[in-house]
Amino acid sequence: MPLDVLFEIFSYLLPYDMLNLSRTSKPFRNLLMDRNSVSFWKAARCNVPGLPEPFPGMSEPVFANLCYSPHCHVCLKSNVQDVIWDLRIRLCNICKKTSTVSISVAKSRLYLKESKRLLPHISTYLVKWNDQVTDDWVRGVQRLLISDMDDVEKAWVSLPASKEGRDQFLKDEDRRFKDIEKHAEVCDNWSQNKKYDRSQELNEVRQEHLRTILRKLNEAGYGEDVTFSDKHRDVHGRDPICYHPFVRQAKPLTDRIWQNRCPA
Ligand SMILES: [Zn+2]
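Residues numbered from 1 in each chain as written. Predicted model: local features only at pLDDT ≥ 70, side-chain atom pairs only at ≥ 80, totals over all residues. Heavy atoms only, no water.

Enquirer: Any chance you could explain the UniProt feature "domain: F-box" (unreviewed entry) in the chain here in plain terms?
Expert: Following the UniProt record, the feature "domain: F-box" (unreviewed entry) maps to residues 1-44 here. In residues 1-44, the share of helix is 68% and the share of strand is 0%. The end C-alpha atoms are 20 Å apart. (UniProt positions renumbered as here; feature names shortened; annotations may be inferred. Helix = DSSP H or I, 4+ residues; strand = E, 2+ residues; numbered from the N terminus.)

Enquirer: Honestly, the packing of helix α2 (residues 15-22) against helix α5 (residues 60-68) in this entry has me stumped. Any pointers?
Expert: Helix-helix packing is characterised by the crossing angle of the two axes and by the distance between the axes. Contact geometry for α2 and α5: axes closest at 9 Å, N-to-C directions at 110°. The pairing of α2 with α5 is recorded here as roughly perpendicular in orientation. Here α2 contributes P15, Y16 and L19 to the contact with α5, which in turn contributes P61, A64, N65 and Y68. Taken together, the residues of the contact of α2 with α5 break down into 6 nonpolar, 1 polar and no charged. (Axes fitted to C-alpha atoms, helices over the stretch in contact; angles between N-to-C directions. Parallel < 35°, antiparallel > 145°, perpendicular 65-115°, else oblique. Contact = heavy atoms within 4.5 Å. Nonpolar A, V, L, I, M, F, W, Y, C, P; charged D, E, K, R; others polar.)

Enquirer: Explanation requested: the coordination of the zinc ion in the structure shown.
Expert: Four donors placed tetrahedrally around a metal ideally meet at 109.5 degrees, and six donors placed octahedrally ideally meet at 90 or 180 degrees. Coordination of the zinc ion by the protein is provided by C72 (SG), C75 (SG), C92 (SG) and C95 (SG), with metal-donor distances spanning 2.2 to 2.3 Å. The coordination sphere of the zinc ion comprises 4 donor atoms, whose angles at the metal cover 102 to 117°; the geometry is tetrahedral. Mapping the donors of the zinc ion onto the primary sequence yields the spacing C-x2-C-x16-C-x2-C. Of the two residues, C75 is situated in the loop between α5 and α6 (93-98) and C95 in helix α6; the sequence distance between them amounts to 20 residues. (Donors = N, O, S within 2.8 Å, 3.2 Å for Na, K, Ca; no water. Tetrahedral: all angles 85-135°; square planar, octahedral: opposite > 155°, others 65-115°.)

Enquirer: Where do I start with the pairing of strand β3 (residues 142-145) in this structure?
Expert: When a strand is regular, its side chains alternate between the sheet's two faces. Here 3 bridges tie strand β1 (residues 100-102) to β3, and the two strands are oriented antiparallel to one another. Across the sheet, S102 pairs through a bridge with R143, a residue of β3. Here strand β2 (residues 124-126) pairs with β3 via 3 bridges, running antiparallel. Bridge assignment links T124 to a residue of β3, and that residue is L144. (Pairing = 2+ DSSP bridges.)

Enquirer: Is there a simple way to explain the domain arrangement of the chain in this structure?
Expert: By a widespread convention, an interface's size corresponds to the accessible area lost as its parts come together. We note that the domain assignment places domain 1 (1-69), domain 2 (79-158) and domain 3 (195-261) within the chain. At the interface, 8 residues of domain 1 touch 5 residues of domain 2. Both sides together, the interface formed by domain 1 and domain 2 hides about 480 Å², and carbon and sulfur atoms give 72% of it. Contact with domain 2 buries area across many residues of domain 1, yet F55, L66 and C67 alone supply 77% of it, more than any other trio. (Domains from an automatic or database assignment. Buried area = accessible area lost by both parts, 1.4 Å probe.)

Enquirer: Can you walk me through the nonpolar core in this structure?
Expert: Grouped burial of nonpolar side chains is what soluble globular proteins tend to show. Counting residues in hydrophobic clusters, the biggest one holds 25 residues, and the most contacted among them are F55, F63 and W85. Mapped by element, the contributors of at least two residues to this core are α1 (3-10), α2, α4 (38-46), α5 and α10 (163-219). Counting residues per element, this core draws most heavily on α5, which supplies 5 residues. In this structure, A106, L144, V152 and W156 belong to the second largest nonpolar core, which totals 14 residues. (Core = buried A, V, L, I, M, F, W, Y, C linked by side-chain atoms within 4.5 Å. Buried < 20%, exposed > 50% of the residue type's maximum accessible area, 1.4 Å probe, protein only.)

Enquirer: So what exactly am I meant to see when it comes to α2 here?
Expert: The α-helix advances 3.6 residues per turn, and as a result positions three or four apart in sequence lie on the same side. Every buried residue of α2 is accounted for by P15, M18, L19, L21 and S22. Viewed end-on, α2 has its buried residues packed into an arc of 165°, placing them on one side of the element. Next to the buried residues of α2 lie α1, α3 (26-32), α4 and α5. (Arc of directions from axis to C-beta.)

Enquirer: Is there a simple way to explain the side chain of R90 in this structure?
Expert: With respect to the helices and strands, the residue R90 is situated in the loop between α5 and α6. Despite being buried, R90 has no salt bridge partner; D82 is the closest side chain of opposite charge, sitting 6.6 Å away. There is a polar contact of 2.9 Å between the side chain of R90 and the backbone oxygen of Q81. (Lys, Arg positive; Asp, Glu negative; His and termini not counted. Salt bridge = Lys/Arg side-chain N within 4 Å of Asp/Glu carboxyl O. Polar contact = N/O pair within 3.5 Å; in protein donor to acceptor, adjacent residues only side chain to side chain.)

Enquirer: Just to check I follow, could you spell out the pattern of salt bridges for this structure?
Expert: In a structure, side chains of opposite charge can pair up when their charged atoms sit close to one another. Counting across every chain of the model gives 12 salt bridges. The closest approach of N and O atoms between D174 and K178, which form a salt bridge, is 3.1 Å. Within this pair, D174 and its partner K178 are both found in helix α10, separated by 4 residues, close to a single helical turn. We note a salt bridge from K216 to D255, for which the minimum N-O separation is 3.5 Å. You can see K216 sitting in helix α10 and its partner D255 sitting in helix α12 (residues 255-261), a full 39 residues away along the chain. Taking the relative accessible area as the measure of exposure, K216 reaches 14% and is therefore buried.

Next comes the structure, spelled out in structure tokens:
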């Protein structure tokens, strides 16, 4: 295929499509991971309304992977839906435990007595009370990535011994940390809005599914049952028929599906 046609197609893709395409073959990988292809990734990101820019210092493909590829970044376990924006990573429940440490543990592991100066420059995340972690004791605790801790520590020990050099390092790290923290909040808001929009969308599909079923039941001569169910709504105003697993499905009702499920 001529490259100009390929480039035209790229302009309509979304970040998730770009990721999948880059994983289909080596030529596509080489093309899309080339620095000169950054404009395709930017265009794909702009095709998603509201999707923020990548974090400072993060490339477009890495950011797309963070936003759209639901796997653990440590062990590659699939179906990891939530991004820990503060740490810019996805972690499965096991790796949340094995790849992070609490602040108190970090203090004891950081380089000699400098831990107090280094810690404020390492991103942390708060393990929420509803987080799917295996141990209750980690809930409500600030944790940080062991790899982030190692990186900062490595940079610190390689610094020249001068006070000026170390002060400048801490100043730069402080600015970087604040930029990341601010952007993590932007990304988290975008993610929450996306989840809300998706739940609204699914709710609308469910409502349409229910309306179609009620209409078809009426047409099939079950009007009395429909009226009976409607008169016996629960305290939340929900029609009991809504609790049936078939009725609760969030997908359009086709004639073929109805033929298979229609009461005799
Ligand atoms: Zn994992």
